[in-house]
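Chain residues, written in single-letter form:
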Amino acid sequence: MARLDRKVAIISGSGRGIGRQLAVMLAAEGAAVVVNDLDQEPADETVALIGKAGGQASAVVGDVTEADFGDRFVKAAIDGFGGLDIVVNNAGYTWDSIIQKMSDTQWDAIMDVHLKAPFRILRAAQPIFAAAAKSERESGAVTCRKVVNISSIAGLNGNAGQVNYAAGKAGIVGMTKALAKEWGRYNVTVNAVAFGMIKTRLTEAPADGSSVIDIAGRQISVGVNPQILAGMEQRIPLGRAGTPEEAAGAVYLLCIPESDYITGQVLLCGGGLG
Ligand code: NAD
């Protein structure tokens, strides 16, 4: 039997990067995965990858910041696969500026995607977790459910040019710790993984304005200055940025039964970057 047989997972932002790798990894261990992304094509590609490998997946395409998104996402797990065991709040992006150049729109957009959307998704999951805990307690077949929220080393230590992102990624740590305390009684563990430098479209390209991502029709410049990237890689004890597979591996650890007694923690996945 695979480690996650009969488990159902929802992973936001799993059309690309770390979220996609995690979706593939959880499905390979037997979990049915509800994939989400803003963009249809990458979400469909993740579902197809899982299907090709013999796993089960469906997609809920849409913006996690929409007011009803949390309810739709949770409902897709219940209607499509009959339950909800693992929630991973991964969708996100950066929209950097030094504070004097940062607009309210920029601040709000980053708070919405990194904080309000996870809050709404988890609020929508609460009745499911509470009902499952009650019926499993009555039947004596108690199982552990998992929430993993994605943070960043910028949320733990701060980062110049990312006052919005650092605040959002610090906020998700607070949310994680509060919910670990609320949901212990449901046998739900709530942890966070903070990534250091992982090679995805957010970090791979040079930050010279040439690398632009489309977030719901808004063109946003991403990337890291190659000199800063090289300097950072020198400061990473393992000597290099991580891969999306390695980043997904850290989240995976907090989704498997071996981590059932770990809750309210932040795991830093950064090659030794402190
Ligand atoms: P990525 O761009 O490769 O993947 C993120 C996915 O999220 C994209 O497919 C994107 O379309 C989707 N997404 C963005 N906004 C969305 C929204 N509003 N609704 C639905 N989907 C949305 O990036 P990644 O590096 O894999 O990032 C995953 C998470 O890891 C993010 O929360 C990011 O902040 C965090 N993180 C990444 C790094 C890094 O070095 N790459 C470091 C620290 C934290």
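Everything below is about the structure printed above this text.
As a starting point, this report considers the structure included with it. The structure displayed is predicted, hence computed values, not measured ones.

Let's shift gears to the pattern of salt bridges. Within this structure, the stated rule accounts for twelve salt bridges. We note a salt bridge from K134 to E138, for which the minimum N-O separation is 3.4 Å. In this pair, K134 and E138 both sit in helix α4 (residues 104-139), four residues apart, roughly one turn of the helix. For the salt bridge of K146 with D260, the shortest nitrogen-to-oxygen distance reads 2.7 Å. Remark: D260 occurs in the loop between α8 (244-253) and β9 (266-269) and K146 occurs in strand β5 (residues 145-152); sequence separation between them is 114 residues. With relative accessibility at 2%, the residue K146 sits in the buried group. By relative accessible area, which is 32% here, D260 ends up partly exposed.

On the secondary structure map, Q40 appears in helix α2 (residues 40-52). A relative accessible area of 46% means that Q40 is categorised as partly exposed. Between the C-alpha atom of Q40 and that of S103, which follows or precedes it by 63 residues, the distance is 29 Å.

The next point concerns α4. Between its first and last C-alpha atoms α4 spans 51 Å; for 36 residues at 1.5 Å apiece the expected length is 52 Å, and the two agree. Maximal helix bending in α4 amounts to about 45°, located at D112. In the stretch just after α4, G140 is the one whose phi turns positive, near 85°.

When a protein is soluble and globular, its nonpolar side chains tend to lie buried together. Within the largest apolar cluster, 40 residues are counted, with the highest numbers of intra-cluster contacts made by I10, L84, V87, Y93, F129, V147 and W183. Per element, the largest residue contribution to this core is ten residues, and it comes from α4. Among all residues touching V147, those that are not within four sequence positions of it are V87, L122, F129, W183, V188, T189, V190 and N191. With 29 residues, the next largest nonpolar core counts V35, I86, I198 and A248 among its residues.

Next up on the list: the sheet that holds β9. Taken in spatial order, the seven strands line up as β3-β2-β1-β4-β5-β6-β9 in an open sheet, and their pairing is parallel. The two strands at the open ends of the sheet, each matched to only one other strand, are β3 (56-61) and β9. The sheet shows a mean angle of 20° between the axes of neighbouring strands, direction not considered. Alignment of β5 against strand β6 (residues 188-195), held across eight bridges, turns out to be parallel. Across the sheet, S152 pairs through a bridge with F195, a residue of β6.

What follows covers α2. Spanning 13 residues, α2 covers 18 Å between terminal C-alpha atoms, matching the ideal 18 Å at 1.5 Å per step. For α2, the complete set of buried residues consists of P42, A43, T46 and I50. Within α2, the buried residues cover an arc of 105° as seen down the axis, which keeps them to one side. Exposed and oriented more than 90 degrees from the buried face of α2 are E41 and K52.

According to the stated counting rule, one finds three aromatic pairs in the structure shown. Centroid distance F69 to F73: 4.9 Å. Interplanar angle 40°. Geometry classified as tilted. Here F69 pairs with F73, and both are found in helix α3 (residues 69-81), just four residues apart, close to one helical turn. Here F69 falls in the buried class, since its relative accessible area comes to 0%. Among the aromatic residues, those joined into a ring-pair cluster are F129, W183 and Y186.

Parameters at a glance
Residues numbered from 1 in each chain as written. Predicted model: local features only at pLDDT ≥ 70, side-chain atom pairs only at ≥ 80, totals over all residues. Heavy atoms only, no water. Salt bridge = Lys/Arg side-chain N within 4 Å of Asp/Glu carboxyl O. Helix = DSSP H or I, 4+ residues; strand = E, 2+ residues; numbered from the N terminus. Buried < 20%, exposed > 50% of the residue type's maximum accessible area, 1.4 Å probe, protein only. Expected span 1.5 Å × (residues − 1). Bend = angle between axes of the 7 residues up to and from the residue. Core = buried A, V, L, I, M, F, W, Y, C linked by side-chain atoms within 4.5 Å. Contact = heavy atoms within 4.5 Å. Pairing = 2+ DSSP bridges. Axes fitted to C-alpha atoms, helices over the stretch in contact; angles between N-to-C directions. Arc of directions from axis to C-beta. Phe/Tyr/Trp six-rings, centres within 6.5 Å; stacked < 30°, edge-to-face > 60°.

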